[in-house]
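Residue-level listing of the chains:
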Amino acid sequence: MATTSTTTTTSSTTGSLSSLGLGSGVLTSDVLDKLRAADESGLVTPIDNKLTANATKQTDLASILSLANALKSSTNVLSDENNYLKRTTTVSNDAVSVTAIGGAAIENFTLHVNTLAKQDIYQSTSFSSQTSSFTSASDTLNLKIGTSNYTLDITSTTTLSDLKDMINDRAGGKVTASILNVGGTNPYKLVIKSTSTGANNAITLSSIGTGTALTDLGLNTVANHLQTATDASFVYNGVTINRSSNTVSDLVSGLSLTLNKEQTDATTNTTVAITQDWTNITTNLKSLVSGYNDLMTKLKSATTYDTTAKTAGTFQGVSQVNSLSSAIRKEVLSVDSKGRGLSDYGLSMDSKGVLSFNSATFDAKVAANPADIKDYFQGSTTYSSTSYNGSAVAAGALSIGSSAFSINGKAITLTTGASSTTADNLAAIKTAINNAGLSGITASIGTNNNIVLKGTAGADIVIKGDTTALASLGLAANNVYSSPTIKDGIFSTFNSIMNGYVNTTDGTLTQYNTSLTTLKTALTTSRATAVSRLDTKYNAMATKFAAYDSMISKLNNEFSSLSTIIKQSMTSKS
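In this text, all values refer to a predicted model and were calculated from it rather than measured experimentally. The residue numbers shown here count from 1 along each chain, following its written sequence. In keeping with the predicted nature of the model, local features appear solely for residues at pLDDT of at least 70, side-chain atom pairs appear and are counted solely at 80 or more, and the whole-chain, interface and lining totals rest on all residues. As a convention, hydrogens and water are excluded, and side-chain values are obtained from all of the structure's heavy atoms.

1. Overview of the pattern of salt bridges
A side chain with one charge can pair with a side chain of the opposite charge if their charged atoms come near.
So, point 1. Think of a salt bridge as a Lys or Arg side-chain nitrogen and an Asp or Glu carboxyl oxygen that are within 4 Å of each other. Evaluation of the coordinates by the stated rule reveals 16 salt bridges.
So, point 2. A salt bridge links Arg-527 to Asp-48; the nearest nitrogen and oxygen atoms lie 2.5 Å apart. Placement of Arg-527 in helix H12 (residues 508-573) and of Asp-48 in helix H2 (residues 45-78) is noted, with a sequence separation of 479 residues between them.
So, point 3. Exposure is judged per residue with a 1.4 Å probe applied to protein chains only, and the accessible area is read against the type maximum: over 50% gives exposed, under 20% gives buried, and values in between give partly exposed. For Arg-527, a relative accessible area of 15% gives the class buried. Strands here are runs of E lasting at least two residues and helices are runs of H or I lasting at least four, both read from the DSSP assignment and numbered beginning at the N terminus.

Right, here's the structure in full:
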């Protein structure tokens, strides 16, 4: 328990009258000091005691708030759905790298890399200098990549460096030209490569002029075509996939694959496992245990009464602090409607109220039923199914165009003949809706010659269209929304409880701390007022004492003179 000492300074001028009492020997400054000390004991000391107690409470409350916020930090993480969506990947070899974002599907699959996506790369023959000209006559070269063509006008003075700059300026970033120093007598070579990989980025070089620039550069020689642009080819769970890049992010939602090297052995595959990452949950369960024990130890010492020593904790009898202890203990020991408690997940309390975490118990739960952990810890949101019942459909021709009828933004069209029966029309409407590719929505025929739309849990039904066209289908514009049911998990509730105490705006402990600050201000003001009144009182008394002392001194002097005269008279008579 923290203690705080308060030094009391009393303002008084009584001590300044150093000569007080010299005349009387009775009305001394020491007498005034004793009188003032008695007044201070009754008026100021009680306020000082309250200020000391207030300072102790503020110090101890700051410690409790710090520990409570540390506990809330753990409950906040354990109640955050994002932490249950974290994923980890395990890859059997280095042919492929795989990353998974939060919420990616938990699954296992195999990959085999047939070929990597490559750039197109050409090199020229060797030249002695970057500023060497390479042809003797004017020519025009055409560089084609994809559907783009770039013409390069060459003269007998065009140097290797000029051609490099010409390609980089005109190819718009699709092609990169550079000059390499490869060593030897003629060390300089022009290298031309596509910026991106894939077969669609193949480079074609041709001469559309009358010169020999392409031949002089050696760019029409097969040996100088160093690498041919190709697509990546890999096998995913037995299905061959082609992509223009070695980074594939559109194959499986939430996954990004990077193809690193070709697997020449047809029997060698890469196995990939996407699993839930429990690291942050486990870490915060341990932090929760530590935070709970630290906070409860502090609360116990601050709220209990020692009957033997007859001493009370700082907050003994303070409901705002006592209720926190009760609330969090109740939550830790609670059992939900399914009979689940924290002890089932490795968190248990001993007879002394100390909480502990058994990681083996928790890991067994992870292996057996990870979905249950999320449901109990964080909670769940379920959605209702939806339905819509149309009215009776008549016989006769139906002609519904693409702008006349839609469900959930999907246009639905159908046509029936004039001789169509009600049954024919119902069948046509049902088929058109079911073939529209509506996710979670199916159409069936009701018992009243009507169309019935059913939505799975979470599937809304939004019907739009022309009023007349919809009426011919027995439908009308309507919105049927799936409603959510939210069930809080234990840590969602726990976090709300902690927030109710430590919220910086209106938390119970925050408000109590504000009241202590307000009380301190009031006590400080009261003390200053009391001291000021005592200063006024004893300054006046000191003045009166001085006057009385002067009068007594004068009377003493007069009596002394009279005594001398009497003594002299008595002496003369004798």
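2. Focus: helix H9 (residues 422-434)
So, point 1. Given a rise of 1.5 Å per residue, 13 residues ought to cover 18 Å, and the 18 Å separating the end C-alpha atoms of H9 matches this to within 8%.
So, point 2. Looking at the buried positions of H9, the neighbouring elements they touch are strand S22 (398-400), strand S23 (405-407), strand S25 (414-416), strand S26 (441-445) and strand S27 (451-455). Multiplying one less than the number of residues by 1.5 Å gives the expected span of a helix. Whether two residues are in contact is decided by their heavy atoms, any of which lying within 4.5 Å being enough.

3. With respect to the pairing of S27
So, point 1. For S27, the buried fraction is high: 4 of the 5 residues fall into the buried class.
So, point 2. The pairing criterion for strands is at least two bridges between them, as found by DSSP. As defined by bridge partners, strand S21 (residues 386-389) adjoins S27 across 4 bridges and the pair is classed as antiparallel. Within the sheet, the bridge partner assigned to Ser-387 lies in S27 and is Lys-454.
So, point 3. Both S26 and S27 contribute to a ladder of 5 bridges, which runs antiparallel. By the bridge assignment for S27, Ile-441 is matched with Gly-455.
So, point 4. What sits between the antiparallel neighbours S26 and S27 is a turn of 5 residues, in which Asn-449 has the positive phi angle 55°.

4. Some details on the packing of aromatic side chains
Two numbers describe a pair of aromatic rings. These are the distance of the centres and the angle of the planes.
So, point 1. Aromatic rings from Phe, Tyr and Trp, taking only the six-membered ring of Trp, are treated as a pair when their centres fall within 6.5 Å; an angle between ring planes under 30 degrees marks them as stacked, one over 60 as edge-to-face, and anything in between as tilted. For the structure shown, the criterion picks out 10 aromatic pairs.
So, point 2. Each ring, one from Tyr-84 and one from Trp-278, has its centre 6.3 Å from the other, and the planes form 80°; the classification is edge-to-face. Taken together, the positions of Tyr-84 in the loop between H2 and strand S1 (87-91) and Trp-278 in the loop between strand S15 (270-276) and helix H5 (279-303) put the pair 194 residues apart, joining distant regions of the chain.
So, point 3. An aromatic cluster is built from Tyr-84, Trp-278, Tyr-345, Phe-357, Phe-362, Tyr-376, Phe-377 and Phe-491, whose rings are joined through pairwise contacts.
So, point 4. Sitting over the ring of Tyr-345, Lys-365 keeps its end group 5.0 Å from the ring centre. In this scheme, the term charge over a ring applies when either NZ of a lysine or CZ of an arginine sits within 6 Å of the ring centre and within 35 degrees of the ring normal.

5. So, the layout of surface pockets
So, point 1. Cavity and pocket criteria rest on a 1 Å grid covering protein atoms alone: a 1.4 Å probe that fits but cannot get out defines a cavity, protein on both sides within 12 Å along at least 5 of 7 lines defines an open pocket, and an atom within 4 Å of a point defines a lining residue. Grid points are joined across faces, edges and corners, and a volume is the space filled by probe spheres set on the points. Roughly 270 Å³ of internal volume is contained in the largest pocket.
So, point 2. Considering the residues around the largest pocket, the lining is formed by 13 residues, among which Met-296, Thr-297, Lys-300, Arg-329 and Lys-352 are closest to the centre.
So, point 3. Secondary structure elements with two or more residues in the lining of the largest pocket: H5 and helix H6 (319-332).
So, point 4. Ranked by the residues each element gives to the lining of the largest pocket, the list is headed by H5, at 7 residues.
So, point 5. In this count, Pro and Cys sit with the nonpolar residues alongside Ala, Val, Leu, Ile, Met, Phe, Trp and Tyr, while Asp, Glu, Lys and Arg are called charged and the others, Gly among them, polar. Looking at the lining of the largest pocket residue by residue, the class counts come to 3 nonpolar, 7 polar and 3 charged.

6. Points about the confidence of the model for the protein chain
So, point 1. pLDDT is a residue-level measure of predictor confidence that goes from 0 to 100. Here the protein chain shows a mean pLDDT of 91. Residues at 70 or above account for 92%.
So, point 2. The lowest-confidence element of the protein chain is H12, averaging 80 in pLDDT; the highest-confidence one is strand S4 (residues 121-123), averaging 98.
So, point 3. pLDDT under 50 marks residues 1-24. Its contacts with residues more than four places away, or in other chains, come to 55 contacts.

7. Let's talk about the packing of helix H1 (residues 29-43) against H2
So, point 1. Axes here mean lines fitted to C-alpha atoms, for a helix over just the part in contact, with angles spanning 0 to 180 degrees between N-to-C directions. Two numbers describe how H1 lies on H2: the axes approach to 4 Å, and their chain directions differ by 45°. Judged by the angle between their axes, H1 and H2 are oblique. Touching Glu-40, Ser-41, Gly-42 and Leu-43 of H1 are Thr-45, Pro-46 and Ile-47, all from H2. Every angle not falling under 35 degrees, over 145, or within 65 to 115 is termed oblique; those three ranges are roughly parallel, roughly antiparallel and roughly perpendicular.

8. Things to note about the environment of Tyr-512
So, point 1. By secondary structure assignment, the location of Tyr-512 is in helix H12.
So, point 2. For the pair Tyr-512 and Tyr-501, spaced 11 residues apart in sequence, the C-alpha to C-alpha distance is 9.7 Å.
So, point 3. Among residues more than four places away in sequence, those in contact with Tyr-512 are Lys-57, Leu-61, Phe-315, Val-318, Gln-320 and Val-321.

9. Digging into the side chain of Thr-510
So, point 1. In this fold, Thr-510 is placed in helix H12.
So, point 2. Residue classification places Thr-510 among the buried residues on the basis of a relative accessible area of 17%.
So, point 3. The contact partners of Thr-510, leaving out residues within four places of it in the chain, are Tyr-501, Val-502, Asn-503 and Thr-504.

10. Points about the sheet that holds strand S8 (residues 188-194)
In sheet architecture, strand pairing relies on hydrogen bonds along the backbone and comes in two forms, parallel and antiparallel.
So, point 1. Pairing in this open sheet of 4 strands is antiparallel, and the strands run S7-S8-S4-S10 from one edge to the other. Strands at the two margins of the open sheet, each flanked by one partner only, are strand S7 (175-181) and strand S10 (225-227). Strand-to-strand twist across the sheet, computed as the mean angle between neighbouring axes with direction ignored, equals 25°.
So, point 2. In the sheet, S7 pairs with S8 via 7 bridges, with the strands oriented antiparallel. Among the inter-strand pairings, Val-175 is bridged to a residue of S8, identified as Ser-194.

11. Some thoughts on the nonpolar core
So, point 1. If you look at the biggest cluster of nonpolar residues, it comprises 43 residues, and the most contacted ones within it are Ile-328 and Phe-377.
So, point 2. Breaking this core down by element, the ones donating at least two residues are H2, H5, H6, strand S19 (355-357), helix H7 (359-368), helix H8 (370-377), helix H11 (490-502) and H12.
So, point 3. In this structure, Ile-328 is in contact with Leu-71, Tyr-292, Leu-295, Met-296, Leu-299, Phe-494 and Met-498, ignoring residues within four places of it in sequence.
So, point 4. Buried Ala, Val, Leu, Ile, Met, Phe, Trp, Tyr and Cys residues form a nonpolar core when they are joined through side-chain atoms within 4.5 Å. Membership of the second largest hydrophobic core comes to 27 residues, among which are Ile-400, Ile-433, Ala-443 and Ala-469.

12. Things to note about the environment of Tyr-538
So, point 1. In this fold, Tyr-538 is placed in helix H12.
So, point 2. Overall, the relative accessible area of 2% leaves Tyr-538 in the buried class.
So, point 3. As a C-alpha pair, Tyr-538 and Asp-33 span 505 residues in sequence and 8.9 Å in three-dimensional space.
So, point 4. Any pair of nitrogen or oxygen atoms within 3.5 Å is treated as a polar contact; in protein, a donor-acceptor pairing is required on top of that, and neighbouring residues in sequence qualify only through side-chain atoms on both sides. There is a polar contact of 2.9 Å between the side chain of Tyr-538 and the backbone oxygen of Leu-35.
So, point 5. One polar contact links the side chain of Tyr-538 to the main-chain amide nitrogen of Arg-36, over a distance of 3.4 Å.

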